[in-house]
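A closer look at the structure
Residues per chain are reported as follows:
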Amino acid sequence: MNKILILILALSFISCKTKAQNKTKKIKSKMSDKVEKTEEEWKAQLTEQEYYVLRKSGTDRPSDAGYTLHFEKGTYVCRACNTQLFKSNSKYKSHCGWPSFDDAIEGTIIYKKDASLGRVRTEIICAKCDGHLGHVFDDGPVETTGKRYCVNTSSIKFVEK
Ligand SMILES: [Zn+2]
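Residues numbered from 1 in each chain as written. Predicted model: local features only at pLDDT ≥ 70, side-chain atom pairs only at ≥ 80, totals over all residues. Heavy atoms only, no water.

With respect to the coordination of the zinc ion
Filter applied, for reference: Here the term donor refers to an N, O or S atom within 2.8 Å of the metal (or 3.2 Å for Na, K and Ca), and because water is left out of the atoms, sites may appear incomplete. Geometry is assigned from the angles between donors: four donors with all angles from 85 to 135 degrees make a tetrahedral site, four or six donors whose opposite pairs exceed 155 degrees while the rest stay between 65 and 115 make square planar or octahedral sites respectively, and everything else is labelled irregular.
The zinc ion binds to the protein through Cys78 (SG), Cys81 (SG), Cys126 (SG) and Cys129 (SG); the donor distances cover 2.3 Å. Around the zinc ion sit 4 donor atoms; with metal-centred angles ranging over 102 to 117 degrees, the donor geometry is tetrahedral. One chain supplies every donor to the zinc ion, and in sequence these donors are spaced C-x2-C-x44-C-x2-C.

Examining the sheet that holds strand β3 (residues 91-92)
Put simply, the rule reads: A pair of strands is treated as paired once DSSP finds two or more bridges between them. Put simply, DSSP H or I for four residues or longer makes a helix, DSSP E for two residues or longer makes a strand, and each gets a number counted from the N terminus.
Within the open sheet, the 6 strands sit side by side as β3-β4-β8-β7-β6-β5. Their pairing is antiparallel. Each edge of the open sheet carries a strand with a single partner, namely β3 and β5 (109-114). Examined bridge by bridge, β5 and strand β6 (residues 121-126) share 6 bridges and lie antiparallel to one another. Paired with isoleucine 110 across the bridge in β6 is isoleucine 125.

What to know about unusual backbone geometry
Phi at serine 57 is positive, roughly 55 degrees, even though this residue is not glycine. As for its placement among the helices and strands, serine 57 is situated in the loop between α3 (48-56) and β1 (74-78). Within the chain, histidine 95 stands out as a residue other than glycine whose phi angle is a positive 60 degrees. With respect to the helices, strands and loops of the structure, histidine 95 is situated in the loop between β3 and β4 (100-101).

Some thoughts on the sheet that holds β1
Rules: For every element, the axis is a line fit to its C-alpha atoms; helices are fit only across the contacting stretch, and the angle between N-to-C directions ranges from 0 to 180 degrees.
Spatial strand order, β2-β1-β9: 3 strands in an open sheet with antiparallel pairing. With partners counted over all chains shown, the strands left at the sheet margins are β2 (84-87) and β9 (156-160), one partner each. Neighbour to neighbour, the strand axes of the sheet diverge by 35 degrees on average, direction disregarded. One ladder, built from 3 bridges, connects β1 with β2; its direction is antiparallel. Paired with tyrosine 76 across the strands is phenylalanine 86, a residue of β2.

Points about the packing of aromatic side chains
Note the following rule: Pairing of aromatic side chains here covers Phe, Tyr and the six-membered ring of Trp, requires ring centres within 6.5 Å, and sorts the geometry by plane angle: under 30 degrees stacked, over 60 edge-to-face, intermediate tilted. Partly exposed residues are those whose accessible area sits between 20% and 50% of the maximum for their type, while under 20% is buried and over 50% is exposed, using a 1.4 Å probe and protein chains only. Our definition puts a charge over a ring when NZ of Lys or CZ of Arg is within 6 Å of the ring centre and also within 35 degrees of the ring normal.
Inspection of every chain in the model, using the stated rule, returns 6 aromatic pairs. Residues tyrosine 76 and phenylalanine 158 carry aromatic rings whose centres are separated by 5.0 Å and whose planes lie at 55 degrees to one another, so their mutual orientation is tilted. Of the two residues, tyrosine 76 sits in strand β1 while phenylalanine 158 sits in strand β9, which places them 82 residues apart along the sequence. Of the two residues, tyrosine 76 and phenylalanine 158, neither departs from the other in class, the shared state being buried. Members of the aromatic cluster, connected to one another through ring pairs, are Tyr67, Tyr76, Phe86, Phe101, Tyr111, Tyr149 and Phe158. The lysine or arginine in question, lysine 37, covers the ring of tryptophan 42, its NZ or CZ lying 5.1 Å from the ring centre.

Everything listed here is a matter of coordinates, which is why it stays silent on function.
Now the structure itself:
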């Protein structure tokens, strides 16, 4: 009888231990999902313009250069942390001077109210590294989503399919 009791106790102890270990693992992996670096580390990794746009919420000058008129098949990833953000099939010609997409890859972007420059806009940020990407507006193509993700070339990097 005592032996059985000890066995039950031992088994429940083991199962408790595994549960607790799993829990710690889950919390750890959730925290490590986020890419966090010091300002010095970002400066070392990015060019001056990329750092200004991604880390200081700067804006590229409007231009047809960079990815504005770039229409090859592939994916645009975050230039700071390589997270896939936009697919080439959601890119379109908006004539606004910045790369424009009518949609983003789900769950990769944080939307934040931005009341700077005397108007309210929605800032878009990489969910993984908090890098500034640009803004999203409601004047996109009506035949698809109606959204215009206005993204800085300095914030993204094209990866060919
Ligand atoms: Zn990122």
